[in-house]
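What follows is each chain in one-letter form.
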Amino acid sequence: MSASTQSTATLLETRKFPGNCTLEMALKTIVDVYHRYSIREGQLDLLNFNDFKTLLTEQAPTFLQACGRNKHEYLRELFEETDLNKDSELTFEEFTIVLAKLTDDAHHIIHRDDRCIPDKD
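Residues numbered from 1 in each chain as written. Predicted model: local features only at pLDDT ≥ 70, side-chain atom pairs only at ≥ 80, totals over all residues. Heavy atoms only, no water.

Caption draft 1: Up close: the nonpolar core. Core analysis: the biggest nonpolar cluster contains 18 residues, and Leu47, Phe52, Leu55, Leu56 and Val98 have the highest contact counts within it. Contacts of phenylalanine 52, omitting those with residues within four sequence positions, involve Leu47, Leu75, Leu78, Phe79, Leu90 and Val98. (Core = buried A, V, L, I, M, F, W, Y, C linked by side-chain atoms within 4.5 Å. Buried < 20%, exposed > 50% of the residue type's maximum accessible area, 1.4 Å probe, protein only. Contact = heavy atoms within 4.5 Å.)

Listed below in structure tokens is the structure:
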């Protein structure tokens with residue numbers, strides 16, 4: 001093992017993820033929440049619609065209430081839109097698309113923009 005490879009390995013061993021940074025802890029929380037719900041039904045590490053709906057209604061109820069996002073039709077449309085391979089299950093990668101959409105909406109809500117209308121861009 002070269003000196004640079006050895007020092008990289010040592011660095012990785014001494015730095016545990018996540019650190020105590022807010023974003024790193026948030027990333028770990030996202031993965032943990034996904035795993036908590038993806039093992040309920042069906043295959044491990046995939047979310048079917050029931051898992052997906054339960055995850056969002058339990059973990060983001062106030063957010064979903066804004067503009068009627070807690071309606072079955074909204075959740076079904078969001079699920080189908082982000083199920084890229086149309087296998088009726090969301091991989092973690094597909095779930096990150098959901099998170100991007102929700103984060104964008106949350107950003108607008110925090111800035112008090114009207115998120116009940118479609119994006120202009």
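Caption draft 2: Structural view of the side chain of asparagine 48. Relative to the assigned elements, asparagine 48 resides in the loop between α2 (22-38) and α3 (49-59). Using a relative accessible area of 14% as the deciding quantity, one classes asparagine 48 as buried. Within the structure, the side chain of asparagine 48 is placed 3.0 Å from the backbone nitrogen of asparagine 50, a separation counted as a polar contact. (Helix = DSSP H or I, 4+ residues; strand = E, 2+ residues; numbered from the N terminus. Polar contact = N/O pair within 3.5 Å; in protein donor to acceptor, adjacent residues only side chain to side chain.)

Caption draft 3: View of the packing of α3 against helix α5 (residues 72-82). It is at 10 Å that the axes of α3 and α5 come closest, and there the two elements cross at 120°. Between α3 and α5, the crossing angle belongs to the class labelled oblique. Here α3 runs over α5; the crossing is right-handed. Taking contact as the criterion, the partners of Phe49, Phe52, Lys53, Leu56 and Thr57 in α3 are, on α5, His72, Leu75, Arg76, Leu78 and Phe79. Looking at the contact of α3 with α5 residue by residue, the class counts come to six nonpolar, two polar and two charged. (Axes fitted to C-alpha atoms, helices over the stretch in contact; angles between N-to-C directions. Parallel < 35°, antiparallel > 145°, perpendicular 65-115°, else oblique. Left-handed = near helix turned anticlockwise from the far one by under 90°. Nonpolar A, V, L, I, M, F, W, Y, C, P; charged D, E, K, R; others polar.)

Caption draft 4: Seen up close, the packing of aromatic side chains. Under the defined criterion, the tally for this structure stands at six aromatic pairs. Geometrically, the ring pair formed by tyrosine 34 and phenylalanine 92 is edge-to-face, given 5.0 Å between the ring centres and 80° between the ring planes. Taken as a pair, tyrosine 34 in helix α2 and phenylalanine 92 in helix α6 (residues 92-110) lie far apart in primary sequence, 58 residues in all. Relative to phenylalanine 95, the ring of phenylalanine 92 lies with its centre 6.5 Å away and its plane at 45°, an arrangement referred to as tilted. Here phenylalanine 92 and its partner phenylalanine 95 are both found in helix α6, three residues apart, which amounts to about one turn of the helix. The exposure class assigned to phenylalanine 95 is buried, which follows from its relative accessible area of 3%. Put simply, the rings of Tyr34, Phe92 and Phe95 pair up and form one aromatic cluster. Directly above the ring of phenylalanine 63 sits arginine 69, whose terminal nitrogen or CZ lies 4.9 Å from the centroid. Sitting over the ring of phenylalanine 49, arginine 76 keeps its end group 3.7 Å from the ring centre. (Phe/Tyr/Trp six-rings, centres within 6.5 Å; stacked < 30°, edge-to-face > 60°. Lys NZ or Arg CZ within 6 Å of the ring centre and 35° of its normal.)

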